[in-house]
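Chain by chain, the residues:
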Amino acid sequence: MNQAKLKGLVLVKRSSAWGHRFLQTSCALCKTLDRDSFASGSSAAYIENLYSKWQRNPKSVDESWDEFFSGKERSLLKKIPVQTLPTRKYRRLPLEIRTTVKARSGERTASDGGSPAPAAPPVAPTAAPPAAPPGDWKNIDDHHAVQAIIRAYQARGHLAADLDPLGIVGPTKTSSVDGTQRQAAKEVLRQHYSYIFGDLNAMFKLPSSTMIGGDEEFLPLREILDRLERIYCGPIGVEYMQITSLTKTTWIRERFEKPKALECSKEEKKLILERLTRATGFENFLAKKFTSEKRFGLEGCDIMIPVIKEVVDKATKGGVESIFIGMAHRGRLNVLANICRKPMADILAQFHGLQASDAGSGDVKYHLGLFQERLNRQTNRMVRITVVANPSHLEHVNPILLGKARAEMEHRGDTEGEKVLPIIIHGDASFSGQGVVYESMHLSDLPNYTTYGTIHIVSNNQVGFTTDPRFSRSSRYCTDVAKVVGAPILHVNADDPEACIQCARIAADYRAKFKKDVVIDIVGYRRNGHNEGDEPMFTQPLMYQRIRKLKPCLTLYAEKLIKEGVITDSEYKDMVSKYDKICEDAWTESKNIKTIKYSTWIDSPWSAFFEGRNRLQMGSTGINEETLKKIGSIFSSLPPPEHKFEAHKGIQRILSLRKQMVDDKVADWSLGEAFAFGSLLKEGVHVRLSGQDVERGTFSHRHHVLHHQTHDKVVYTALNHLYPDQAQYSVSNSSLSECAVLGFEHGYSMASPNTVVLWEGQFGDFCNTAQCIIDQFIASGESKWVRQSGVVLLLPHSMEGMGPEHSSGRMERFLQMSDDDPDIYPDTCDCDFVARQLMNVNWIVTNLSTPANFFHCLRRQVKMGFRKPLINFSPKSVLRHPMARSPFKDFNEASSFLRLIPENGPASENPESVTKLVFCSGKVYYDLFKERDDHEQVNTVAIVRVEQICPFPYDLITEQLELYPNAELLWAQEEHKNSGAWFYVQPRFDTALLNNENETRCVSYHGRAPSSSPATGNKVQHYKEYKAFIESIFGELTEENKARLDCIIKEKQAKAKAESKASMNKNPPQPVKPKPGATPPVKNSTGGATPPAKNISPDKKQLKPEPAAKGETPNSVPGATPAPGAKNPRGAETPRSKNRSLDEKHLKSHPASKGGFPVSKPGENHAPAAKEAPPDPVSSGVSRILPQKPRFFKRRPTPNRKPDTKPTEDTQKPREPEF
Ligand SMILES: Cc1ncc(C[n+]2csc(CCOP(=O)(O)OP(=O)(O)O)c2C)c(N)n1
Ligand SMILES: [Mg+2]
């Protein structure tokens, strides 16, 4: 139906009473469903159908429609209120209709301000539909078709591009009527397929959406098709129509479509050939010299080297000063030799199997990193090129590289990506297969993670090891993942060097202009097997039959240039032999290299950082009270009133609580953390905290970024407003990724020794999905690649009945990867013992119990003379635990990080009468503290907190062992036996005990039974396990205990009652909302809140302490001297067997029983009632918990466990890399 008819229709429709009803219903429906009015969309089509039907036979439609169409009820026209048609709904109507309606509504508004306006006289529907306006409609249709064809090439031309040098994958060509072979198959042209075979000489005006005409406005169809085919279906297939920005698509069109846009000059061609000669020559040389060595050669994709070189040239010309390259094995040596210009002799020396003269484990040659500063001859500018060391795990270097690049940008003040360029080189199978690619891509546009565009280059050899693409991906291209960020993707045939170089240029320019990701997919092949020893014919026989017949790209291109007269045959031969000589000379030179150094392959040299530094010297971590007050006061305040910042009421409450703490000179966890960050910022140390929801904190304890309640995007970060000259605090919620985000932060930390970079997991166990980053980079990066990092992982960890997936940060895995020898007692008399121990281990593992210790631990990260990753198991409920507060004096200049916190209660005052010495770590300390109180064993049980688990504080542990000579030794952990720290600490305790020849004790385990799941998901079971665990240490509550606890509860209740009565009298009752998640204060035996730990000695060996501030005493443990000649309580009985009944009230009052836990009956688990089934050892996890007898025996030294305490030369080789 043409528009004139429709116009008539609408008017007629409005003249009918039925139509009126219809119109009203339709409008009402439209309003509800937010759809178009009846005159458009499916209703219009329906009416149109009816109308056609009616035109053929008026009786074929319903009578009402007949009336409607024949206009019999015109008289009703005036009654139709126009306002029933909302103006918005007309937007999609044909222009004419819109005009009519608009005119009418205008009339109405003008005349009576809103009352129904008289409608215009209707057009009789019986009149013949208006004829088409005079015009050459055929011509217009033809132009539309050509326009659609142009569009089809732009959008889908890449599907028909000639991308595969092997000719395996490719479009089926089409023959036209005049015999022309057309590249674009049906799938490109779709409905216009048949059209293009009409009159190929017809002239067409080119639409503005193409630039194929250059200065010409008209072209014959044949020429249009030829040009489109050359541009879109030649050796380059460009995918860009997914980009939603018109500016970008127009820019790309201009670069591809303009005539001669893709041509190379003679000089450029020569340069390409020269570079290709080097790329191929390098692989040929290695193949000749090391026939059976793995090198993961680039043959078949050799053009990748000139492509990277072109990108480097373009970028440096544009002002880039530092380039970061991340890549896997394929062609890596070639990149080092020909892009970075690493002296070839050094590369070849790697093939000689030489011993390294420095510490570390090193890595295979095709994983090594590199940092090189060189002159780019093409641009005559200096450029730094870093190839980031890479583990075998494909693609996982991507986020590392991005983080490193981002750090470099920030370091250079490069806020636009003008000076730093990241390039990532991918394999085809890994690009589409590895999830980290997707995760990393999603960082590309996030404000705190962007690197302002990365150039991705895929060395697409159309095979992954032995797997064909059709079995390794479901997407058409291996690059489809890049579409998620709207990156243009340039697929290019690797055997067309000029096309490849054009793509490199366009990609480099695109990134420079738009600061967005771009992909070059070099489609080539792999001339050999996966590595040089593999037989590819086993699995890809047909592919390799073709490959064997194919001349190398270099030969093909040289022949082409010789044919074109760009170069002569002898010039080409000269080129080849010149490079061959370079290789031979390097080979000769490499033979003189007798040792290698891992440190020459470092990708993050911190020369300036290490210059003149005594690595064993550690700075003080304490700060003065004035600073604490200043940070505390700003951290607990809103922005100044003039900013009129409207904060949430809850935030105001939190801030006032913080203020109160500052006034009281105590700090909770959040304040302790803020003190650490704030003081570092004050000292010029940049702090970067990243992870999911870190700005607020998963447990809503942090609140570093406050949000204006009525203004969007108005936020306030107090820690950025402490001092005018402070360093920047970057705190950022990340994307919901662990692998890429942790990788990014680790990369960032590698580039920046003067930043404290922290990544916080939402719950500790989510770091599972970043396991590769943890294992391949953080745990082993220093050993493999001599590369340091001070990255901090905050992993919320503790058993609080939250289920299997929210309890464990998997401490055992980190400890299992720690590389300190469990069987060697270190030289604890060394005055640098603490620093040396930290320097020699691969990472630090802590499970801290006080805010002050957290503060010191974080600050220590930059006070050490080296950098070391810190894995800290963070608290959850302890964040708000009333006992977990530190007085200001624990932060002052006289205080320091405590690797171990000794007992400081009554038990420590009379250590010889202590019967049990319980070592523990982290949150469980607070459980043990309370239970010891409840069990009235404060005089006989000493509890020692191991705050730094790795490296193991042998010196302090030994001190404690000697201090309590008569005590049974226990390790208490809330984790299951196969989790937590037990496996790590057990052999180290043994080593410490063996070090004392009079010692016959050994440490027994107290905790949950082994389990494959990190925690139970059932709260009842959780509590049962807890109860059994506690009873295994303190025994059951005695009748006296219970009576006392009863008393306390009654006292408390009475007190609370009295207090509430008093307050009721003062203030009339208000409805009280329960505070979600609030932890009730833990009470001591007298029912009062337990005071914070007091008089704790600073870790004496750790620091060279500065003199204590006037009026402040350093914390110290009274009487911390070992009792000489103390007896061992060999065979002493434990009170565990006694008093096993359980006080119900006590259980109810226990924090673990919150949330409606049923209370266990007396005797449950251990002495089941006669009728009860015996507890299932597996499901209750109980019977296996209790060691049947304490293990008091002296462990014999095994051959590999040296009893002597001195470290031997080779095993304790200090890790002091050279830089
Ligand atoms: C994460 C990971 N999984 C598996 C491997 C084993 N592997 C090494 S190379 C390779 C094939 C890689 O294919 P592709 O990405 O196409 O690169 P190519 O070797 O073809 O250059 C595989 C599966 C690995 N190194 N890393
Ligand atoms: Mg491949």
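Just so it is clear, the structure is predicted and the values come from calculations on it, not from any experiment.

## Section: the overall build of the protein
Looking only at helices and strands, one finds 39 helices and 28 strands in the protein. Out of the 1219 residues belonging to the protein, those deemed buried represent 57%. Counting contacts in the protein only where the partners sit at least 6 residues apart, residues at least 24 apart contribute 80% of the total. Surface accessibility of the protein: about 51800 Å² in total, with carbon and sulfur atoms responsible for 52%.

## So, the nonpolar core
Soluble globular proteins tend to pack their nonpolar side chains together in the buried interior. Ranked by size, the top nonpolar core spans 105 residues in total, and within it Ile325, Val335, Ile457, Ile520 and Ile522 carry the most contacts. Residue contributions to this core peak at 10 residues, all from helix α18 (residues 497-514). For Ile325, the contacting residues outside a window of four places in its chain are Ile308, Val335, Ile339, Ile385, Thr386, Val387, Val388, Leu401, Ile423 and Ile425. Ranked by size, the runner-up nonpolar core spans 83 residues in total, among them Ile623, Tyr723, Phe888 and Phe929.

## Here we look at the site of ligand 1
Surrounding ligand 1, one finds 15 residues, the nearest of these being Arg330, Ser392, Asp428, Ser430 and Asn461. For ligand 1, an oxygen atom lies 2.9 Å from a polar atom in the backbone of Ala429. The contact in question runs from an oxygen atom of ligand 1 to an N or O atom on the side chain of Asn461, over 2.9 Å. Against a free-state accessible area of 580 Å², the protein chains account for coverage of 77% of ligand 1.

## Digging into the sheet that holds strand β12 (residues 518-523)
With respect to topology, 8 strands assemble into an open sheet ordered β5-β11-β12-β10-β9-β6-β8-β7, the strand pairing being mixed. Of all strands in the sheet, those bounded by a partner on one side alone are β5 (236-239) and β7 (370-376). Each strand axis lies, on average, 20 degrees off the axis of its neighbour in the sheet, ignoring direction. Sheet topology places strand β6 (residues 322-326) next to strand β9 (residues 420-427); 5 bridges connect them, and they run parallel. Across the sheet, Ile323 pairs through a bridge with Leu421, a residue of β9.

## Some words on the coordination of the magnesium ion (ligand 2)
In the first shell of the magnesium ion (ligand 2), the protein supplies Asp428 (OD), Asn461 (OD1) and Val463 (O), at 2.0 Å from the metal. Counting the intervening residues between successive donors of the magnesium ion (ligand 2) yields the motif D-x32-N-x1-V. Highlighted residues: Asp428 in helix α15 (residues 428-433) and Val463 in the loop between β10 (455-460) and α17 (469-472), separated in sequence by 35 residues. Judged on exposure class, the residue Asp428 and its partner Val463 are both buried.

## Section: the side chain of Asn892
Along the chain, Asn892 falls in the loop between β22 (886-887) and β23 (900-901). There is a polar contact of 2.9 Å between the side chain of Asn892 and the backbone nitrogen of Ala894.

## Digging into the sheet that holds strand β21 (residues 870-874)
Strand pairing within a sheet occurs via backbone hydrogen bonds; the two strands may be parallel or antiparallel. Spatial ordering of the open sheet is given by β17-β14-β18-β19-β21-β20-β26, a layout of 7 strands whose pairing is mixed. Each edge of the open sheet is held by one strand with a lone partner, namely β17 (729-733) and β26 (948-950). Neighbour-to-neighbour, the strand axes of the sheet open up by a mean angle of 20 degrees, direction not taken into account. Across 5 bridges, the pairing between strand β14 (residues 686-691) and β17 is parallel. If you follow Arg688 over to β17, its bridge partner there is Ser730. Lying over the sheet, helix α26 (residues 739-751) contacts β14, β18 (755-760) and β19 (792-796), oriented at roughly 170 degrees with respect to β18.

## Details of the packing of helix α9 (residues 246-257) against α18
Each pair of packed helices can be summarised by the angle the axes make with each other and by the distance between the axes. Their axes nearest at 11 Å, the elements α9 and α18 cross at an angle of 150 degrees. Judged on the interaxial angle alone, α18 and α9 are roughly antiparallel. For the pair α9 and α18, the crossing hand works out as right-handed. Judged by residue contacts, Thr247, Lys248, Trp251, Ile252, Arg255 and Phe256 of α9 engage Arg505, Ile506, Asp509, Tyr510, Lys513 and Phe514 from α18. Among the residues making up the contact of α9 with α18, the classes are represented as 6 nonpolar, 1 polar and 5 charged.

## What to know about the confidence of the model for the protein
Summary statistics for the protein give a mean pLDDT of 81 and a share of 76% for residues scoring 70 or more. Contacts for the low-pLDDT stretch residues 1-44, under 50 throughout, to residues beyond four places or in other chains number 88 contacts. Predicted confidence for residues 1072-1219 stays below pLDDT 50, and this span has 289 contacts to residues more than four positions away or in other chains.

## Here we look at the pattern of salt bridges
Side-chain pairs of opposite charge can arise where the charged atoms are in close proximity. For the structure on display, the rule yields 57 salt bridges. For Glu532, the salt bridge is made with Arg295, and the minimal N-O distance between the two is 3.9 Å. With Glu532 in the loop between β12 and α19 (541-549) and Arg295 in the loop between α10 (266-289) and α11 (304-317), this residue pair connects regions lying 237 residues apart in the sequence. The burial state of Glu532 is the same as that of Arg295; both residues are buried. Each member of the salt-bridge network shares a partner with another, and the members are Glu268, Arg275, Lys309, Glu310, Asp313 and Arg505.

## Points about the environment of Ile773
Summarising the element assignment, Ile773 is placed in helix α27 (residues 771-779). Ile773 sits in the buried class, given a relative accessible area of 0%. Residues Ile773 and Pro391 lie 382 residues apart in sequence; the distance between their C-alpha atoms is 9.7 Å. Discounting chain neighbours no more than four positions away, the residues touching Ile773 are His396, Pro399, Ile400, Cys739, Leu742, Gly743 and Ile778.

## What about the packing of α10 against helix α21 (residues 569-591)?
Direction vectors running N to C along α10 and α21 enclose 45 degrees, while the axes themselves pass 9 Å from each other. Of the possible angle classes, the one that applies to α10 and α21 is oblique. Crossing geometry of α10 relative to α21 is assigned as right-handed. From α10, Lys270, Leu273, Glu274, Thr277, Arg278, Gly281, Phe282, Phe285, Lys288 and Lys289 reach across to α21, where they touch Tyr572, Met575, Val576, Tyr579, Asp580, Ile582, Cys583, Glu584 and Trp587. Grouping the constituent residues of the contact of α10 with α21 by class yields 10 nonpolar, 2 polar and 7 charged.

## Overview of the packing of aromatic side chains
Scanning all chains against the criterion turns up 32 aromatic pairs. A ring pair is formed by Trp251 and Phe514, whose centres lie 5.7 Å apart and whose planes are at 90 degrees; its orientation type is edge-to-face. Of this pair, Trp251 sits in helix α9 while Phe514 sits in helix α18, and the two are 263 residues apart along the sequence. The interplanar angle of 80 degrees and the centroid separation of 6.5 Å between the aromatic rings of Phe888 and Phe891 together place this pair among those described as edge-to-face. For Phe888, a relative accessible area of 2% translates into the label buried.

## Points about the pairing of β18
Along β18, 6 of the 6 residues are buried, which leaves the element largely enclosed by surrounding structure. With 3 bridges joining them, β18 and β19 adopt parallel strand pairing. Bridge pairing links Glu760 to Leu794 in β19.

## A short note on the environment of Thr600
Position of Thr600 among the secondary structure elements: in the loop between α21 and α22 (607-610). We classify Thr600 as partly exposed; its relative accessible area is 42%.

## Some remarks on the pairing of strand β20 (residues 844-847)
Burial of the side chains of β20 extends over both faces: Ile844 and Thr846 are buried on one face and Val845 and Asn847 on the other. Sheet topology places β20 next to β21; 4 bridges connect them, and they run parallel. Within β21, the position partnered with Asn847 by the bridge is Phe873. Each parallel crossover has a hand, and the one from β20 via helix α31 (residues 851-863) to β21 is right-handed. Relative to β26, β20 runs antiparallel, the two being bridged by 2 bridges. By the bridge assignment for β26, Thr846 is matched with Gln948.

## A look at unusual backbone geometry
Note the cis peptide between Cys950 and Pro951, where omega equals -5 degrees. Look at Lys515: it is not a glycine, yet its phi comes out positive at around 55 degrees. Phi at Ser700 is positive, roughly 55 degrees, even though this residue is not glycine. On the secondary structure map, Ser700 appears in the loop between β14 and β15 (706-707).

## Considering α19
Every buried residue belonging to α19 is among Met543, Tyr544 and Ile547, and all of these are buried. Relative to the axis of α19, the buried residues are bounded by an arc of 90 degrees and lie together on one face. In α19, those exposed residues whose orientation departs by more than 90 degrees from the buried face are Leu542 and Lys549.

## Overview of α31
Compared with the 18 Å implied by 1.5 Å per residue over 13 residues, the 18 Å span of α31 between its first and last C-alpha is a close match. Among the 13 residues that make up α31, 13 are buried, leaving the element largely enclosed by the rest of the structure.

Reading guide: rules and limits
- Going along each chain's sequence as written, the residues are numbered from 1 onward.
- Chains carry letters and ligands carry numbers; both start at the beginning, A for chains and 1 for ligands, and go up in the order they are written.
- For this predicted model, a pLDDT threshold of at least 70 governs which residues receive local features, and a threshold of 80 or more governs which side-chain atom pairs are given and counted, while totals over whole chains, interfaces and linings are taken from all residues.
- With hydrogens and water stripped out, all remaining heavy atoms of the structure feed into the side-chain values.
- Secondary structure elements are defined from DSSP: runs of H or I of at least 4 residues count as helices, runs of E of at least 2 residues count as strands, and each element is numbered from the N terminus.
- Here the term buried applies to any residue with accessible area under 20% of the maximum for its type, exposed to any over 50%, and partly exposed to those in between, with areas from a 1.4 Å probe on protein chains only.
- By the convention used here, residues are in contact when the closest approach between their heavy atoms is within 4.5 Å.
- In this description, accessible areas are obtained by the Shrake-Rupley approach with a 1.4 Å probe, and a residue is regarded as covered only by the protein chains that are shown.
- The criterion is simple. A nonpolar core is a set of buried Ala, Val, Leu, Ile, Met, Phe, Trp, Tyr and Cys residues joined through side-chain atoms within 4.5 Å.
- Distances are taken per atom, and a residue is near a molecule or strand as soon as one of its heavy atoms is within 4 Å of it.
- N or O atoms closer than or at 3.5 Å make up a polar contact, with two conditions inside protein: a donor-capable atom paired with an acceptor-capable one, and, for residues adjacent in sequence, both atoms drawn from side chains.
- Only when DSSP finds a minimum of two bridges between them are two strands counted as paired.
- Between N-to-C directions, angles span 0 to 180 degrees; the directions come from axes that are lines fitted to C-alpha atoms, helices contributing only their stretch in contact.
- A 2.8 Å cut-off from the metal defines N, O and S donors, relaxed to 3.2 Å for Na, K and Ca; water is not in the atom list, so some sites may appear incomplete.
- Should an angle fall under 35 degrees it is taken as roughly parallel, and over 145 as roughly antiparallel, whereas 65 to 115 is taken as roughly perpendicular and any remaining angle as oblique.
- Handedness of a crossing follows from how the near helix is turned relative to the far one, being left-handed for an anticlockwise turn of less than a right angle and right-handed for a clockwise one.
- For this scheme, ten residues count as nonpolar: Ala, Val, Leu, Ile, Met, Phe, Trp, Tyr, Cys and Pro. Four count as charged, namely Asp, Glu, Lys and Arg, and the remainder, Gly too, count as polar.
- Every residue gets a pLDDT, meaning the predictor's confidence in that residue, from 0 to 100.
- Any Lys or Arg side-chain nitrogen found within 4 Å of a carboxyl oxygen on Asp or Glu counts as a salt bridge.
- In this scheme Phe, Tyr and Trp rings, the latter by its six-membered ring, pair at centre separations within 6.5 Å, and the angle between planes marks the pair as stacked below 30 degrees, edge-to-face above 60, and tilted otherwise.
- Whether a crossover is right-handed comes down to one check: with the strands pointing away from the viewer, does the path from the first strand over the helix to the second run clockwise; if it does, it is right-handed.
- The arc refers to the directions leading from the helix axis to the C-beta atoms.
- Expected span of a helix, by definition, is 1.5 Å for each gap between consecutive residues, and there is one gap fewer than residues.

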